[in-house]
Amino acid sequence: MELVFAAAPAYLASHGVPATPDDLGAHRCISCRHTSSGALHRWDFVRDGEMFGRAVPETFITNDVDLMRDAALSGLGIVCLLRLQAAPYLAAGSLAQVLPGWAPVLAANHLYYPGHRQPSAAFRAFLEVMQA
């Protein structure tokens, strides 16, 4: 699952385009708070195969990915999204990618369940949705 850093073109026109993760200290960032732990999502970056985290200024914090995207579309700051979530907006030009080559690729999700048990209809339906 590939991540992408993005912002509205109007935001970048007025605040500049960051060239490295260290430049994010001068920007407004849209962050996610994990519902289960209450912790802020740490922004990770990759360079030369090494992953590292950076603290970013959290100007807008939510636990809703759609709200994060909408905040970025409204010009509130830079957001970190799954490329799949950002793709239509990047293609339309309403979001612009920043820090290309710095975003990590996350490991795929896995689901484990006992193979000796008969899966319920609800579980099979859940699997179909997750595999789509």
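Conventions adopted
Residues numbered from 1 in each chain as written. Predicted model: local features only at pLDDT ≥ 70, side-chain atom pairs only at ≥ 80, totals over all residues. Heavy atoms only, no water. Patch = residues over 30% accessible without salt bridge, like charges linked within 9 Å, V, L, I, M, F, W, Y side chains within 5 Å. Areas by Shrake-Rupley, 256 points an atom, 1.4 Å probe, with all protein chains shown as cover. Salt bridge = Lys/Arg side-chain N within 4 Å of Asp/Glu carboxyl O. Helix = DSSP H or I, 4+ residues; strand = E, 2+ residues; numbered from the N terminus. Buried < 20%, exposed > 50% of the residue type's maximum accessible area, 1.4 Å probe, protein only. Pairing = 2+ DSSP bridges.

*Asks:* Lay out a nonpolar patch on the surface in plain terms, naming residues and giving numbers.
*Replies:* On the surface, L111, Y113, F126, V129 and M130 cluster together into a nonpolar patch covering about 520 Å² of accessible area. Its location among the elements puts F126 in helix α4 (residues 121-131).

*Asks:* A description of the pairing of strand β2 (residues 29-32) should follow, citing residues and the corresponding values.
*Replies:* Of the two faces of β2, the one holding C29 and S31 and the one holding I30 and C32 are both buried throughout. Bridging between β2 and strand β5 (residues 58-62) involves four bridges; their strand directions are parallel. Counted as the bridge partner of S31 is I61 from β5. Inspection of the sheet shows β2 paired to strand β6 (residues 78-82) by two bridges, in the parallel sense. Considered in β6, the bridge of I30 is made with V79.

*Asks:* Let's hear about the pairing of strand β1 (residues 3-7): which residues, and what values?
*Replies:* Remember that side chains alternate between the two faces of the sheet whenever the strand is regular. Counting buried positions along β1 gives five out of five residues, so the element sits mostly inside the fold. Going residue by residue along β1, you find L3, F5 and A7 tucked away on one face and V4 and A6 tucked away on the opposite face as well. Bridging between β1 and β6 involves four bridges; their strand directions are antiparallel. What sits directly across from V4, in β6, is L81.

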